[in-house]
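Report on the structure
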Amino acid sequence: MPTRDRLLAVLTAVLWGCNFLAIHAMLTHFPPLLAGALRFVVIAIPTMLLVPWPGVKVRWLIGFGLGFGTLQFAFLFVGLDVGMPTGLASLVLQASAPFTVLLGALFLRERLAGRQLVGIALAVIGMAAIAWQRAEHAALLPVVLTLLGALSWAAGNLCSRQARPDNPLHFTLWMSVVPPLPMFGLSLIFEGPARQWTALSTAFEPSALPALAGFGYVVLLGTVAGSSIWTTLMRRNPASTVAPFSLLVPVVGLSLAFVVLNERPTVVEIGASVVVVAGVLLGSLRPSATAQARLSPARDSPSAPNAV
């Protein structure tokens with residue numbers, strides 16, 4: 001992997017780590033479900049006008065949009081809104097990696113290597129420790145919501161694998177067409193039209209400027225720029241080389257939350273975070289070619305997952 005690409009991978013991790021701070025700012029003004037709907041609307045409109053259709057089956061695009069787009073961000077945004085620490089959210093969301101491996105084994109009959117099972121076990125232990133620590137502080141619900149967001153992301157990943165898009169970036173952008181209506185409907189039911197109108201009608205007041213800045217960051221840098229760079233790196237390099245850089249995201253998120261938001265994780269949470277990162281790394285590594293040949297039936301040729 002060239003040095004230039006390594007630097008770009010680190011840049012993407014920084015962009016995505018900062019994304020959690022931007023979401024925190026956005027949620028100081030916008031209700032969480034409405035914020036999710038608006039985030040995808042401003043991407044969906046230019047996508048439908050300017051981006052070519054990715055050439056996949058509609059059912060996989062809808063599945064990816066509901067899992068990765070709608071449910072992941074609905075659970076994540078609501079979790080942050082009801083008290084999930086911003087830095088910790090960036091870590092817990094990484095559970096999507098071992099969740100993807102498990103769902104792939106359950107529904108796609110993908111065989112698991114021993115180190116993947118060890119990695120998943122470590123990640124589960126780390127998440128359980130974090131949940132136990134949060135429960136002692138009466139804050140278990142935000143952790144559960146964030147884990148449901150990670151599980152939804154994993155379900156979306158399975159739809160992405162089945163879609164096998166020729167251009168993953170186009171596929172990711174077209175995914176944004178799915179979430180606006182269901183998220184707006186959920187917002188209408190749970191947040192109410194009065195709260196929606198108040199947030200929209202006061203969006204350009206001085207007090208809302210930090211939220212607007214956060215919204216702009218999430219759309220332009222966190223989503224468009226970050227996804228574009230990451231997809232380019234995945235196309236130029238082996239996925240196994242690029243994917244581990246995503247583990248820098250919670251490092252950036254936790255560090256920024258510590259410095260900017262004064263979030264102080266407990267000793268248990270710090271130790272559990274290290275275990276989770278190690279588990280995610282082990283659990284998301286693909287087996288070697290020799291191991292794959294041993295684990296896979298002879299009639300099945302192993303297929304590489306789509307990078308999105």
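Placed above this text is the structure.
Below is a summary of the structure that appears in this document. All values derive from a computational prediction rather than experimental measurement.

Reading guide: rules and limits
Residues numbered from 1 in each chain as written. Predicted model: local features only at pLDDT ≥ 70, side-chain atom pairs only at ≥ 80, totals over all residues. Heavy atoms only, no water. Salt bridge = Lys/Arg side-chain N within 4 Å of Asp/Glu carboxyl O. Helix = DSSP H or I, 4+ residues; strand = E, 2+ residues; numbered from the N terminus. Buried < 20%, exposed > 50% of the residue type's maximum accessible area, 1.4 Å probe, protein only. Core = buried A, V, L, I, M, F, W, Y, C linked by side-chain atoms within 4.5 Å. Contact = heavy atoms within 4.5 Å. Axes fitted to C-alpha atoms, helices over the stretch in contact; angles between N-to-C directions. Parallel < 35°, antiparallel > 145°, perpendicular 65-115°, else oblique. Left-handed = near helix turned anticlockwise from the far one by under 90°. Nonpolar A, V, L, I, M, F, W, Y, C, P; charged D, E, K, R; others polar.

Quick word on the pattern of salt bridges
Under the definition given, this model contains three salt bridges. Linking Asp 5 and Arg 4 is a salt bridge whose minimum nitrogen-to-oxygen distance equals 3.5 Å. With a closest N to O distance of 2.7 Å, Arg 161 and Glu 110 form a salt bridge. In this pair, Arg 161 sits in helix α7 (residues 140–163) while Glu 110 sits in the loop between α5 (96–107) and α6 (114–136), placing the two residues 51 residues apart along the sequence. What makes Arg 161 buried here is its relative accessible area of 16%. By relative accessible area, which is 30% here, Glu 110 ends up partly exposed.

Thoughts on the nonpolar core
Most often, soluble globular proteins have nonpolar side chains that are buried together. Ranked by size, the top nonpolar core spans 65 residues in total, and within it Met 26, Leu 76 and Phe 77 carry the most contacts. When residues of this core are assigned to their parent elements, the largest contribution, nine residues, is made by helix α11 (residues 209–236). Those residues in contact with Met 26 that lie beyond four places of it in its chain are Ala 35, Phe 77, Ala 211, Phe 215 and Val 218.

Here's the deal with the packing of helix α3 (residues 58–81) against helix α8 (residues 168–175)
At a minimum axis separation of 9 Å, α3 and α8 run at an interaxial angle of 70°. Comparing their axes, α8 and α3 come out roughly perpendicular. Judged by the sense of rotation from one axis to the other, the crossing of α3 with α8 is right-handed. Listed contacts from α8 to Trp 60, Leu 61, Phe 64, Gly 65, Phe 68 and Gly 69 of α3 are Phe 171, Thr 172, Trp 174 and Met 175. Across the contact of α3 with α8, the residue classes break down as seven nonpolar, three polar and no charged.

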